[in-house]
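Listed below are the residues making up each chain.
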Amino acid sequence: MKSVISSLSQKLRSGEITSRQLTEKYIAEVRAQNPAINAYVHYTFEEAMKNAEYADGLIAEGKGTPLTGIPLTLKDNIATDGLLTTCCSKILSGFKPYYDATVWSKLKAQGAVLLGKTNMDEFAMGSTSESSCYGAPLNPVDKTRVTGGSSGGVAAAVCADIAAYGLGSDTGGSIRQPASFCGIVGFKPSYGAVSRYGLIAYGSSLDQIGPMTKSVTDAAIVYDAIRGVDRADGTSCSTPAGKTPLKGDVKGLKIGVADGYFDGIPAEIRNAIEDMLAAYVRAGAEIVRVSMPALKIALPVYYIIACAEASSNLGRYDGIRYGYRASGYTGVDEMITKTRTEGFGKEVKKRIMLGTYVLSSGYFDAYYKKACLIRKTVEAQLSEAFKKCDVLFAPTAPVTAFAVGYSGGNSVETYLSDVCTVPVNIAGLPAISIPCGSDKNGLPIGMQIIGKKFDDARVLDTAYFAEINNLSQTAEVEGGVKL
Ligand code: GLN
């Protein structure tokens, strides 16, 4: 893995290339490659050229940061002032917010360059990105495979080198799982470490924005640029920096391995992670076995809580305030019903109904309340485990990329593929997915490193060890902007 951001930043600072030239290269490459992989759903090239001009000014004044002048993409659920933000849903078609998400205003102020908004599962609900109203993005490693989801477009764009990096969102694995399917790095920070202001809500107690990059170094650089308290998000908090430069020091590190995380994992994936673990042990880390029986029930707990929160969050789409409005209605009630019927896709409707059901009187105690109680047990077992170890190693997903159309994005297998990622969101922990070899079909495998709450810096540093020791290679695909 090599740091795309550091090498571009150095070229920009030395004057070898201007941000305008770099942006033009990326734009040409997006135009050439995107039709084949459908990673971007809205181009923002005019904005990009404006951003680049501003960046060149900052660099000339010696005010550049590592991200100044570097082109990125944002998942289409991150609000961008005056630029389409649709969550890949018909109900938000044509919607342009009046404000920027805090993450984008922070990056923009540093002279970051926005190339466009990327494809995703509708309202971030899914694990293959196939529920997008724009059609699924395809995996650049093998175009007959899905990218994973829901931040599949960001993963595809970064993998294909048509964005230097991107920001995704992770409610139950949507940064880490597509990163693992596309052979890149995906970092989900601790809940609260990065402001959610301007992230279109799915499950508010679980949602988190984070970087998707070609290297751990890049993830740390981007994380440091977007984290921090934000008055506009009451759940944001101050966390220690990602501590760039990273050291990759793993001597004496206690790596927890939980049986629950490896149950039913195919041998290929298990072996890849064992090989990685062995390299850490050779460098002086120690393996600690931990037990977390509640991991087995984290998945249903997640789906109850996420759907409950989604049913409430999505109540605001009614044809009055945002995006799409159906035509041919006789009163307000009919207008709302028609708009929601026509505007939401099948998967989103399923989850609104499930969420409404678990919150309705008579079922609230049996489902929602019980799920909230079990959430506490999952959290307690994870913190108990973290008394014995510094980080946990686990697979990112029990599978590699599904074939396109295999499940239509909503089969039992796709829900089950979230089993390794959701406990992290339930407990608000930081976790990273790094590439960890490939399966017999050449599809990338991802390994997850999970940390204690707000120990984001340690997660990044632990992952960095794999980077500097060449244990982990991001996917190489043909084409793209490789400078
Ligand atoms: N696949 C999970 C779901 O559909 C996670 C999605 C996400 O993290 N946004 O809920």
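To be clear, the structure that these remarks concern was listed above.
Residues numbered from 1 in each chain as written. Predicted model: local features only at pLDDT ≥ 70, side-chain atom pairs only at ≥ 80, totals over all residues. Heavy atoms only, no water.

(A) The overall build of the protein, seen in detail. Of the regular secondary structure elements, the protein holds 15 helices and 11 strands. Relative to a compact globule of 483 residues, whose C-alpha radius of gyration would be 23 Å, the protein shows 21 Å and is just as compact. Overall, the C-alpha framework of the protein stretches about 70 × 55 × 45 Å when taken along its three principal axes. Counting all 483 residues of the protein, 61% fall into the buried class. Once local pairs closer than 6 in sequence are excluded, the contacts in the protein between residues at least 24 apart make up 76%. In the form shown here, the protein has an accessible surface area of approximately 17,600 Å², with 54% of it arising from carbon and sulfur atoms. One way to put it: in the protein the 50 positive side-chain charges average out to a point 3 Å from where the 48 negative ones average out. (Helix = DSSP H or I, 4+ residues; strand = E, 2+ residues; numbered from the N terminus. Rg over C-alpha atoms; globule rule 2.2 N^0.38 Å. Buried < 20%, exposed > 50% of the residue type's maximum accessible area, 1.4 Å probe, protein only. Contact = heavy atoms within 4.5 Å. Areas by Shrake-Rupley, 256 points an atom, 1.4 Å probe, with all protein chains shown as cover. Lys, Arg positive; Asp, Glu negative; His and termini not counted. Charge placed at Lys NZ, Arg CZ, Asp CG, Glu CD.)

(B) Examining the site of the ligand more closely. Neighbouring the ligand are 15 residues, the closest being Thr 171, Gly 172, Ser 174, Tyr 202 and Tyr 302. Gly 173 is positioned with one of its backbone polar atoms (N or O) 3.3 Å from an oxygen atom of the ligand. Take Tyr 303: an N or O atom from its side chain is 3.5 Å from an oxygen atom of the ligand. In isolation the ligand has 300 Å² of accessible area, and contact with the protein removes 100% of it. (Near = heavy atom within 4 Å. Polar contact = N/O pair within 3.5 Å; in protein donor to acceptor, adjacent residues only side chain to side chain.)

(C) Here's a closer look at the packing of helix 7 (residues 216-226) against helix 15 (residues 456-468). Orientation of helix 7 relative to helix 15, taken along the N-to-C sense of each, is 155°, at an axis distance of 9 Å. Judged on the interaxial angle alone, helix 15 and helix 7 are roughly antiparallel. For helix 7 against helix 15, the interelement crossing comes out left-handed. Where helix 7 approaches helix 15, its residues Val 216, Thr 217, Ala 219, Ala 220 and Tyr 223 are matched on the opposing element by Asp 456, Leu 460, Ala 463, Tyr 464 and Glu 467. The class makeup of the residues in the contact of helix 7 with helix 15 is seven nonpolar, one polar and two charged. (Axes fitted to C-alpha atoms, helices over the stretch in contact; angles between N-to-C directions. Parallel < 35°, antiparallel > 145°, perpendicular 65-115°, else oblique. Left-handed = near helix turned anticlockwise from the far one by under 90°. Nonpolar A, V, L, I, M, F, W, Y, C, P; charged D, E, K, R; others polar.)

(D) Inspection of the pattern of salt bridges at higher detail. Under the definition given, this model contains 21 salt bridges. For the salt bridge of Arg 176 with Asp 170, the shortest nitrogen-to-oxygen distance reads 2.9 Å. As far as burial versus exposure is concerned, Arg 176 and Asp 170 are alike and both buried. Among the salt bridges present, the one from Asp 318 reaches Arg 321, with a minimum N-O distance of 3.2 Å. Residue class for Asp 318 comes out buried when judged on its relative accessible area of 10%. Taken together, the salt bridges that share partners define one network made up of Asp 161, Lys 214 and Lys 482. (Salt bridge = Lys/Arg side-chain N within 4 Å of Asp/Glu carboxyl O.)

(E) Main features of helix 12 (residues 364-388). Under the 1.5 Å per step criterion, the end-to-end length of helix 12 is 36 Å for 25 residues, consistent within 8% with the ideal 36 Å. The largest bend in helix 12 is about 30°, located at Lys 370. Every buried residue of helix 12 is listed here: Tyr 368, Ala 371, Arg 375, Val 378, Gln 381, Leu 382, Ala 385 and Phe 386. The elements touched by buried residues of helix 12 are strand 8 (286-290), helix 9 (298-313), helix 11 (346-359), strand 9 (391-395), helix 14 (422-426) and strand 11 (444-451). (Expected span 1.5 Å × (residues − 1). Bend = angle between axes of the 7 residues up to and from the residue.)

(F) A look at unusual backbone geometry. Look at the link from Gly 149 to Ser 150: it is a cis peptide, with omega at 10°. Looking at the secondary structure, you find Ser 150 in the loop between strand 3 (113-118) and helix 5 (152-159). Non-glycine residue Asn 38 carries a positive phi angle of around 55°. For Asn 38, a relative accessible area of 22% puts it in the partly exposed group. For Phe 123, which is not glycine, the phi dihedral falls at a positive 55°.

(G) Representation of the layout of surface pockets in the model. In this structure, the largest pocket encloses a volume near 350 Å³. Lining the largest pocket are 16 residues, with Tyr 99, Gly 198, Leu 199, Ile 200 and Arg 316 sitting closest to its centre. Looking at the lining of the largest pocket, its residues break down into 12 nonpolar, one polar and three charged. In this model, the second largest pocket occupies a volume close to 240 Å³. Along the walls of the second largest pocket sit 15 residues, with Lys 2, Val 4, Asp 161, Lys 214 and Glu 476 positioned nearest its centre. Considering each element in turn, the lining of the second largest pocket owes the most residues, three residues, to helix 1 (residues 4-14). When grouped by side-chain class, the residues that make up the lining of the second largest pocket number six nonpolar, four polar and five charged. (1 Å grid on protein atoms, 1.4 Å probe; cavity = no way out; pocket = protein on both sides within 12 Å on 5 of 7 lines; lining within 4 Å. Points joined across faces, edges and corners; volume = space filled by probe spheres on them.)

(H) How the structure looks around the pairing of strand 7 (residues 254-258). The buried fraction of strand 7 amounts to four of the five residues, a majority that puts the element mostly inside the structure. Bridging between strand 7 and strand 8 involves five bridges; their strand directions are parallel. Following the sheet pairing, Lys 254 is matched in strand 8 by Glu 286. Taken together, strand 7, helix 8 (residues 267-282) and strand 8 form a β-α-β motif whose crossover is right-handed. Sheet topology places strand 7 next to strand 9; two bridges connect them, and they run parallel. (Pairing = 2+ DSSP bridges. Right-handed = clockwise from strand over helix to strand, strands pointing away.)

(I) Highlighting the packing of aromatic side chains. Going through the model one piece at a time under the given rule, you end up with 19 aromatic pairs. What links up through ring pairs into an aromatic cluster is the set Phe 95, Phe 123, Tyr 317, Tyr 322 and Phe 344. (Phe/Tyr/Trp six-rings, centres within 6.5 Å; stacked < 30°, edge-to-face > 60°.)

(J) Fine view of the sheet that holds strand 4 (residues 165-169). Judged by pairing direction, the sheet is mixed, and its 11 strands sit side by side in the order 1-3-2-4-6-5-10-11-9-7-8 without closing on themselves. The open sheet terminates on both sides in strands that have one partner only, identified here as strand 1 (40-43) and strand 8. Ignoring which end each strand starts from, the neighbouring axes of this sheet average 30° apart. The pairing of strand 5 (residues 185-188) with strand 10 (residues 431-438) spans three bridges and is classified as antiparallel. When the sheet's bridge partners are listed, Lys 188 is paired in strand 10 with Ala 431.

(K) Structural detail: empty space enclosed by the protein. Throughout the structure, instances matching the rule amount to two cavities of 30 Å³ or more. If you add up the space inside the largest cavity, you get close to 90 Å³. Surrounding the largest cavity, 15 residues form its lining, Gly 126, Gly 172, Ser 174, Tyr 302 and Asp 418 being those nearest its centre. By volume, the second largest cavity is sized at about 30 Å³. Considering the residues around the second largest cavity, the lining is formed by Asn 77, Cys 87, Met 120, Phe 123, Ala 124, Ser 169, Thr 171, Leu 199, Ile 200, Tyr 202 and Asp 207.

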